[in-house]
Amino acid sequence: EPEVTQTPSHQVTQMGQEVILRCVPISNHLYFYWYRQILGQKVEFLVSFYNNEISEKSEIFDDQFSVERPDGSNFTLKIRSTKLEDSAMYFCASRAQVNYEQYFGPGTRLTVT
Amino acid sequence: LAKTTQPISMDSYEGQEVNITCSHNNIATNDYITWYQQFPSQGPRFIIQGYKTKVTNEVASLFIPADRKSSTLSLPRVSLSDTAVYYCLVALRASGGSYIPTFGRGTSLIVHP
């Protein structure tokens, strides 16, 4: 069964550093998402991406965040200058069509020290 | 501000039916309601999705009333391996007026022998 993959599984970085989280969505999917989950809390939407542009974003997704689909397979989330409160699990998801289910990756645990 | 509401936790025993309800006011009229299961340190896993009335698949049923302001996930004959956190996911109106994917806070289900 096809699956969403994410790398790295765990990233440790110092406050103020830039990080790039990588995702490979399922190959024939058209809609891509990033979510985050702070330890012990619910999953929160960050951004959705379709047709090479952001379609929706939440209040969390401020100027420190950016997304990119640099080639036909990867989908990346960049945090320009990390803060302690960015420590969380970051999940990538993709779906084939609107109103189809989203498939989630295993997540990247980001720890900012 | 639109939000979702789910019970924080539920307890059950093996072989029983479990029903988890999510309330979601201001849901987008054209979006589906989706339920996910999450185990610790893993990404959410799709269970079932519906738009209205009743949907059933091999693992669960989903009941959605006509006003779509709530949905109930029904797990028949739970087993120990169903111990997990269950989330509803709907598109809700954000403060900026757009609709964004919004997870409930999750219901922690513990199944006892």
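Please read these numbers as outputs of a predicted model, since none were measured by experiment.

Conventions and cut-offs
- Residues numbered from 1 in each chain as written.
- Chains lettered and ligands numbered in written order.
- Predicted model: local features only at pLDDT ≥ 70, side-chain atom pairs only at ≥ 80, totals over all residues.
- Heavy atoms only, no water.
- Phe/Tyr/Trp six-rings, centres within 6.5 Å; stacked < 30°, edge-to-face > 60°.
- Helix = DSSP H or I, 4+ residues; strand = E, 2+ residues; numbered from the N terminus.
- Buried < 20%, exposed > 50% of the residue type's maximum accessible area, 1.4 Å probe, protein only.
- Lys NZ or Arg CZ within 6 Å of the ring centre and 35° of its normal.
- Contact = heavy atoms within 4.5 Å.
- Buried area = accessible area lost by both parts, 1.4 Å probe.
- Salt bridge = Lys/Arg side-chain N within 4 Å of Asp/Glu carboxyl O.
- Polar contact = N/O pair within 3.5 Å; in protein donor to acceptor, adjacent residues only side chain to side chain.
- Nonpolar A, V, L, I, M, F, W, Y, C, P; charged D, E, K, R; others polar.
- Pairing = 2+ DSSP bridges.
- Core = buried A, V, L, I, M, F, W, Y, C linked by side-chain atoms within 4.5 Å.
- Axes fitted to C-alpha atoms, helices over the stretch in contact; angles between N-to-C directions.
- pLDDT = per-residue confidence, 0-100.

Colleague: Any chance you could explain the packing of aromatic side chains here in plain terms?
Modeller: Note on aromatic pairs: each is described by the distance of the centres and the angle between the planes. Summed over all chains, the structure comprises 15 aromatic pairs over all chains. Residues Phe104(A) and Phe103(B) carry aromatic rings whose centres are separated by 5.9 Å and whose planes lie at 70° to one another, so their mutual orientation is edge-to-face. Pair noted here: Phe104(A) is in strand β10 (residues 103-104) and Phe103(B) is in strand β10 (residues 99-103), and the two residues belong to different chains. The exposure class of Phe103(B) is buried, given its relative accessible area of 1%. One aromatic cluster in this structure is built from Tyr33(A), Tyr35(A), Phe45(A), Phe104(A), Tyr36(B), Phe46(B), Tyr87(B) and Phe103(B). The cationic tip of Arg68(B) hangs over the ring face of Tyr51(B); the distance from NZ or CZ to the ring centre is 4.1 Å.

Colleague: What exactly am I supposed to notice about the interface of chain A and chain B here?
Modeller: One frequent convention defines the size of an interface as the accessible area lost when the parts assemble. Taken together, the 20 residues of chain A in the interface contact 22 residues of chain B. For the pairing of chain A and chain B, the buried interface totals around 1600 Å² over both sides, and the portion due to carbon and sulfur atoms is 53%. By the criterion of area lost to chain B, the three top residues of chain A are Lys42(A), Asn99(A) and Phe104(A), representing 35% of everything that side buries. Our enumeration of links across chain A and chain B arrives at 0 salt bridges. Where chain A meets chain B, there are 4 residue pairs in polar contact (both at pLDDT 80 or more). Of all elements in the fold, only β4 (31-37) and β6 (53-57) of chain A reach the threshold of two or more residues within the side of chain A that touches chain B. Element by element, the count of residues in the side of chain A that touches chain B is highest for β4(A), at 3 residues. Residues that form the side of chain A that touches chain B fall into these classes: 8 nonpolar, 6 polar and 6 charged.

Colleague: Is there a simple way to explain the sheet that holds strand β3 (residues 18-24) of chain B in this structure?
Modeller: The strands making up a sheet are joined through hydrogen bonds of the backbone, oriented either antiparallel or parallel. Residues and elements named next belong to chain B. If you trace the 5 strands from one edge of the open sheet to the other, you get β1-β3-β8-β7-β6, paired in antiparallel fashion. Each edge of the sheet is formed by a strand with only one pairing partner; in this case those strands are β1 (4-5) and β6 (53-56). Pairing analysis gives 4 bridges linking β6 to strand β7 (residues 61-64), with the strands arranged antiparallel. Across the sheet, the residue bridging to Thr56 is Ser61, located in β7.

Colleague: What is the right way to read the nonpolar core from this model?
Modeller: For soluble globular proteins, the rule of thumb is that nonpolar side chains tend to be buried together. Ranked by internal contacts, the top residues of the largest apolar core, which has 22 residues, are Trp34(A), Leu46(A), Phe61(A), Val67(A), Phe75(A), Leu77(A) and Tyr90(A). Elements represented by at least two residues in this core include exactly β3 (19-24), β4, β5 (44-50), β7 (65-68), β8 (75-79), β9 (88-95) and β11 (108-112) of chain A. Leave out the neighbours within four places in its chain, and Phe75(A) touches Leu21(A), Arg22(A), Cys23(A), Pro25(A), Phe32(A), Tyr33(A), Trp34(A), Phe49(A), Val67(A), Glu68(A), Arg69(A) and Cys92(A). Of all hydrophobic cores here, the second largest spans 21 residues; its members include Ile33(B), Ile64(B), Leu92(B) and Leu109(B).

Colleague: So what exactly am I meant to see when it comes to the sheet that holds strand β1 (residues 5-7) of chain A here?
Modeller: Residues and elements named next belong to chain A. Taken together, the 4 strands give an open sheet; going across it, the order is β1-β3-β8-β7, and neighbouring strands pair in antiparallel fashion. Taken across any chain shown, the strands that pair with only one partner, and hence form the sheet edges, are β1 and β7. Strand-to-strand twist of the sheet, defined as the mean angle between neighbouring strand axes without regard to direction, takes the value 20°. Looking at chain direction, β1 and β3 are connected through 3 bridges and run antiparallel. Residue pairing across strands places Thr7 opposite Arg22, the latter belonging to β3.

Colleague: Please explain the confidence of the model for chain A as it appears in this structure.
Modeller: Low pLDDT marks stretches whose predicted atomic positions should not be read closely. Across chain A, pLDDT averages 94, with 100% of residues at or above 70. Mean pLDDT values over the elements of chain A span from 93, in β6(A), up to 98, in β11(A).

Colleague: Help me understand the pattern of salt bridges, please; the structure alone is not making it clear to me.
Modeller: As a working rule, side chains carrying opposite charge can pair if their charged atoms are close by. Tallied over the full model, the rule gives 1 salt bridge over all chains. Linking Glu44(A) and Arg36(A) is a salt bridge whose minimum nitrogen-to-oxygen distance equals 3.1 Å.

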